[in-house]
Amino acid sequence: MNTKAANSGSGQTQSGRPARLSLADWMPKIVMAPTVLVTLVCIYGYMIWTAVLSFTGSRMLPSYKFVGFDQYERLFNNDRWMVALSNLGIFGGLFIVICLFLGVTLAIFLDQKIRAEGAIRTIYLYPMAISFIVTGTAWKWLLNPTNGLEKMMIDFGFENFKFDWLINPDMVVYCLVIAAVWQASGFVMALFLAGLRGVDGDLIKAAHLDGASTFTTYRRIILPSLKPVFFSALVVLSHIAIKSFDLVAALTNGGPGYASDLPANFMYTYTFTRSQIGLGSASAMVMLGCVLAILVPYLYSELRGKRHD
Amino acid sequence: MTNKTVGRKTSGLDKILRVALYTVLILVAAFYLMPFIVMLITSLKDVEEIRTGTLLSLPASLHFDSWSKAWSSACTGGSCGGISPYFMNSFQIVLPAVAISTLVGAINGYVISLWKFRGSDFFFAAMLVGCFIPFQVILLPMAQTLGWLGIANTTSGLVFVHVVYGVAFTTLFFRNFYQSIPSELVKAARLDGAGFFTIFYRIILPVSTPIIVVTVIWQFTQIWNDFLFGVAFSGFDTQPVTVALNNLVNTSFGGKEYNVDMAAAIIAALPTLAVYVFAGKYFVRGLTAGAVKG
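Computed from a prediction, not measured in an experiment: that's the story for all the values here.

### What to know about the interface of chain B and chain A
Move 1: Each partner contributes to the interface: chain B provides 91 residues, whereas chain A provides 101 residues.
Move 2: When the two sides are added together, the surface that chain B and chain A hide from each other amounts to roughly 9,100 Å², 74% of it contributed by carbon and sulfur.
Move 3: Between chain B and chain A we count zero salt bridges in total.
Move 4: Taken together, the connections running from chain B to chain A amount to 23 residue pairs in polar contact (both at pLDDT 80 or more).
Move 5: Partitioned by chemical class, the residues of the side of chain B that touches chain A number 65 nonpolar, 19 polar and seven charged.

So, in structure tokens, the structure goes:
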């Protein structure tokens, strides 16, 4: 015990401290209680609630007449859902791969003692500050064939230039990829750049002294040490991909037809505008399943890794 | 900062590679800048010029009327008062939601890292799941709950929702930050007779400025940019600006005024862009804090 505590402790050790300690023992729990309650109810309770609804025949209002797996069967027989799901596969896959590739590449490029690095980094990253609604609005304008990039190229003299992806049902999902990559790749770059800056400088110097080229150093030493950053980026990106709702709403509104629907938009449409609460809930549960499939292994390795510290 | 390539000599090949490197970096920068530049240019043209010119052609003369129209008289959905009322709505949602979620996150983080109790680590892990669940899975029950609480379609309702689902993130930020504070400090203060709140107020809060800044920026951008909760839970008069912008762009009566759309989009993006410009360093830290292990 230090002197300070001994000095002030004379009067307290007798009567004051026990009472105070017990109050102090309770205080953390009292203070946390609302959060615990809200988490239990609004995250886990609601999840279970939605799960229950997905097994009912609820249409416009929730009803609790159970129909087993009917809604899931209807869901996977629903053409629109299958389009949304395959769109998520294409969109999510391309979005994640391109963002990771661009992120690593740009981070390595920016790591070469670039003049005005700060300015360039700022430019790459600013889209992340903007909402997907604004991003969607901007790209909708750029990609529309009558006024956008197509017209610009034709006016430049490329008369046969064609770029009508936004109104082409087969290509519209790639428009989502372009806009989403524009929005998020700078962020991935920032993650990797932060990772690169954290690599032990002595290790790199030693590699150079051993005659390793810059390329070899990156391939053999620096990139392998960025594995944790890579997994973090992967989790964040897949989270963005699965929850993408606003980008579709602003850029394509799911169209043409429902060619660019994603599961999040399907869920919203069926639950809130088509009065198919049961079906909407089933689609939400499938989305949750996708997220958990990625999240559980990640959290498991994170928490297990921390325990070793 | 680092000296990774110390002492490498430059040859002819190196020079060519350097030029190529800068070319690539500048081209990529152009790709990132283009949408914003096009938005800005388009917002300053009149409708006729938009029809005849191309995306990147500069406006012949500057027209600011699209900006005033976007702000105060453009039609979004049913009403024609511009996006200004919704812009104000967003502030009315964001300010209390950020303040409350930051405060609650700070106290939670303080408890979880310095006043551990049985089950607090488990609870923290359970809470982390809340950062990642797709919100579609809670939309419907939340809509019902807001109805029961009598705050459906109100600003308070949206504040409530943003606080509930923001606290997982804010707790995570503060917990990671407070992990580095030695628990001996708290023990010593307790021996001195300091209580739970005294320690928080006198010892913890004064060193928390960096993490408070990061959390506030993170929450501000998250809540300002939200669309899903806004579209699902707001009433006609309480829509946030993202919802109003989407209505403005997607409902067209008669001729489409792209210049007004673009002006409105820039206005809706301004607050978070301003945060990014003025607090860019912290913004980056806020973005990466959630993803890179500290």
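### Considering the packing of helix 6 (residues 132–143) of chain A against helix 8 (residues 172–197) of chain A
Residue and element names in this part refer to chain A.
Move 1: At a minimum axis distance of 10 Å, the contact between helix 6 and helix 8 shows a crossing angle of 125°. By the angle class used here, helix 6 and helix 8 are oblique. Regarding helix 6 and helix 8, the two cross each other, and that crossing is right-handed. Within the contact between the two elements, helix 6 uses Phe-132, Thr-135, Trp-139 and Leu-143 and helix 8 uses Cys-175, Ile-178, Ala-179, Ala-180, Trp-182 and Gln-183.
Move 2: Counted by class, the contact of helix 6 with helix 8 contains eight nonpolar, two polar and no charged residues.

### Some thoughts on the packing of aromatic side chains
Move 1: Under the counting rule described, the total for this entry stands at 41 aromatic pairs over all chains.
Move 2: Relative to Phe-266 of chain A, the ring of Trp-81 of chain A has its centre 5.1 Å away and its plane inclined at 65°; by these criteria the two rings are edge-to-face. With a gap of 185 residues between them, Trp-81 of chain A in helix 4 (residues 79–110) and Phe-266 of chain A in helix 13 (residues 263–273) connect regions that are remote in the sequence.
Move 3: The buried category is assigned to Trp-81 of chain A, whose relative accessible area is 0%.
Move 4: Its relative accessible area of 0% is what places Phe-266 of chain A among the buried residues.
Move 5: Taken together, the ring pairs connect Tyr-124, Tyr-126, Trp-139 and Trp-182 of chain A together with Phe-31, Tyr-32 and Phe-36 of chain B into an aromatic cluster.
Move 6: Positioned over the ring face of Trp-26 of chain A is Lys-29 of chain A, at 5.5 Å from the centre of the ring.
Move 7: Of note, Lys-281 of chain B hangs over the ring of Tyr-282 of chain B, and the distance from its end group to the ring centre comes to 5.8 Å.

### Overview of helix 10 (residues 214–222) of chain A
Residues and elements named next belong to chain A.
Move 1: Thr-217, Tyr-218 and Ile-222 are the residues of helix 10 that are buried. On an axial view of helix 10, the arc spanned by its buried residues comes to 100°, and they lie on one face. Pointing more than 90 degrees away from the buried face of helix 10 are the exposed residues Phe-215 and Arg-220.
Move 2: Packing partners of the buried residues in helix 10 comprise helix 4, helix 8 and helix 9 (201–209).

### Brief notes about unusual backbone geometry
Move 1: The phi torsion at Lys-113 of chain A lies on the positive side, around 50°, for a residue other than glycine.
Move 2: As for its position among the elements, Lys-113 of chain A is in the loop between helix 4 and helix 5 (117–125).

### What to know about the side chain of Ser-101 of chain B
Residue and element names in this part refer to chain B.
Move 1: With respect to the secondary-structure elements, Ser-101 resides in helix 4 (residues 84–114).
Move 2: Taking relative accessible area as the criterion, Ser-101 reaches 0% and is therefore assigned buried.
Move 3: At 3.3 Å, the side chain of Ser-101 forms a polar contact with the backbone oxygen of Val-98.
Move 4: When near neighbours in sequence (up to four residues on either side) are disregarded, Ser-101 contacts Val-163, Val-167, Thr-170 and Gln-219.

### A look at the state of the cysteines
Move 1: Inspection of the entire model under this criterion finds one disulfide over all chains.
Move 2: One disulfide bridge connects Cys-75 of chain B with Cys-80 of chain B, the sulfur atoms lying 1.9 Å from each other. Sign of the S-S torsion, about 100° for the bond between Cys-75 of chain B and Cys-80 of chain B, identifies this disulfide as right-handed.
Move 3: You can call Cys-80 of chain B partly exposed: its relative accessible area is 44%.
Move 4: Counting only cysteine sulfurs, Cys-99 of chain A is the nearest neighbor of Cys-175 of chain A, a cysteine outside any disulfide, at a range of 16 Å.

### Description of the nonpolar core
Move 1: One finds Phe-95 and Tyr-124 of chain A together with Tyr-165 of chain B to be the most contacted residues of the largest nonpolar core, which totals 192 residues.
Move 2: Among the elements that make up this core, the one with the highest residue count is helix 8 of chain A (17 residues).
Move 3: When near neighbours in sequence (up to four residues on either side) are disregarded, Tyr-165 of chain B contacts Cys-42, Ile-43 and Tyr-46 of chain A together with Phe-135, Ile-138, Met-142 and Phe-229 of chain B.

### Focus on the packing of helix 5 of chain A against helix 8 of chain A
Residue and element names in this part refer to chain A.
Move 1: Following both chains from N to C, one finds helix 5 and helix 8 inclined at 140°, their axes separated by 8 Å at the closest point. As summarised for this structure, helix 5 and helix 8 are arranged oblique, according to the angle between their axes. Facing helix 5, whose interface residues are Glu-117, Arg-121, Tyr-124 and Leu-125, helix 8 presents Gly-186, Phe-187, Met-189, Ala-190, Leu-193 and Arg-197.
Move 2: Classifying every residue of the contact of helix 5 with helix 8 by side-chain character gives six nonpolar, one polar and three charged.

### Brief notes about helix 9 of chain A
All names here are of chain A.
Move 1: Ile-204, Ala-207 and His-208 are the residues of helix 9 that are buried. All buried residues of helix 9 fall inside an arc of 100° around its axis, so they share one side. Seen from the open side of helix 9, the exposed residues pointing more than 90 degrees away from its buried face are Asp-202 and Leu-209.
Move 2: Positive backbone phi, at 90°, marks Gly-211, one or two positions downstream of helix 9.

### Let's talk about the confidence of the model for chain A
Residues and elements named next belong to chain A.
Move 1: Confidence in the prediction of chain A, expressed as mean pLDDT, is 86, and 90% of residues score 70 or more.
Move 2: Per-element mean pLDDT across chain A ranges from 40 in helix 1 (residues 3–9) up to 95 in helix 4.
Move 3: Every residue in residues 1–18 scores below 50 in pLDDT, and together they form 17 contacts with partners more than four places removed in sequence or on other chains.

The rules behind the values
All residue numbers here refer to positions counted from 1 along the written sequence of the relevant chain. Starting at A for chains and at 1 for ligands, labels are handed out in the order in which the entities are written. This being a predicted model, a pLDDT of at least 70 is required before a residue's local features are given, and a value of 80 or more before pairs of side-chain atoms are given or counted; all residues contribute to the totals for chains, interfaces and linings. Side-chain figures throughout are based on the complete set of non-hydrogen atoms in the structure, without hydrogens or water. Contact between two residues is taken to exist if any of their heavy atoms lie within 4.5 Å; hydrogens are not considered. Note on definitions: buried area is the accessible-area loss of two parts on being combined, 1.4 Å probe, summed for both. Whenever Lys or Arg places a side-chain nitrogen within 4 Å of a carboxyl oxygen from Asp or Glu, that contact is recorded as a salt bridge. The term polar contact refers here to a pair of N or O atoms within 3.5 Å; inside protein, the definition further demands a hydrogen-donor-capable atom paired with an acceptor-capable atom, and it admits residues adjacent in sequence only when both atoms are side-chain atoms. In this classification, Asp, Glu, Lys and Arg are treated as charged, Ala, Val, Leu, Ile, Met, Phe, Trp, Tyr, Cys and Pro as nonpolar, and every other residue, Gly included, as polar. Here the axes come from fitting lines to C-alpha atoms, over the contacting stretch only for helices, and the angles between their N-to-C directions go from 0 to 180 degrees. Under the DSSP-based scheme used, a helix requires at least four consecutive residues in state H or I and a strand at least two consecutive residues in state E, with every element numbered from the N terminus. Roughly parallel refers to an angle under 35 degrees, roughly antiparallel to one over 145, roughly perpendicular to one between 65 and 115, and oblique to any angle outside these ranges. By definition, turning the near helix anticlockwise from the far helix through less than a right angle yields a left-handed crossing, and turning it clockwise yields a right-handed one. Put simply, two rings from Phe, Tyr or Trp (the six-membered ring, in Trp's case) pair if the centres are within 6.5 Å, and we call them stacked under 30 degrees between planes, edge-to-face over 60, tilted for the rest. Any residue under 20% of the maximum accessible area for its type is buried, any over 50% is exposed, and the rest in between are partly exposed; the area is computed with a 1.4 Å probe on protein chains only. Put simply, a charge is over a ring when the Lys NZ or the Arg CZ is close to the ring centre, within 6 Å, and near the line of the ring normal, within 35 degrees. The reported arc concerns the directions from the helix axis to the C-beta atoms and nothing else. Criterion for a disulfide: a pair of cysteine sulfur atoms at a distance within 2.5 Å. Nonpolar core, defined: a set of buried Ala, Val, Leu, Ile, Met, Phe, Trp, Tyr and Cys residues in which side-chain atoms within 4.5 Å join the residues together. Think of pLDDT as the predictor's per-residue confidence, scored from 0 to 100.

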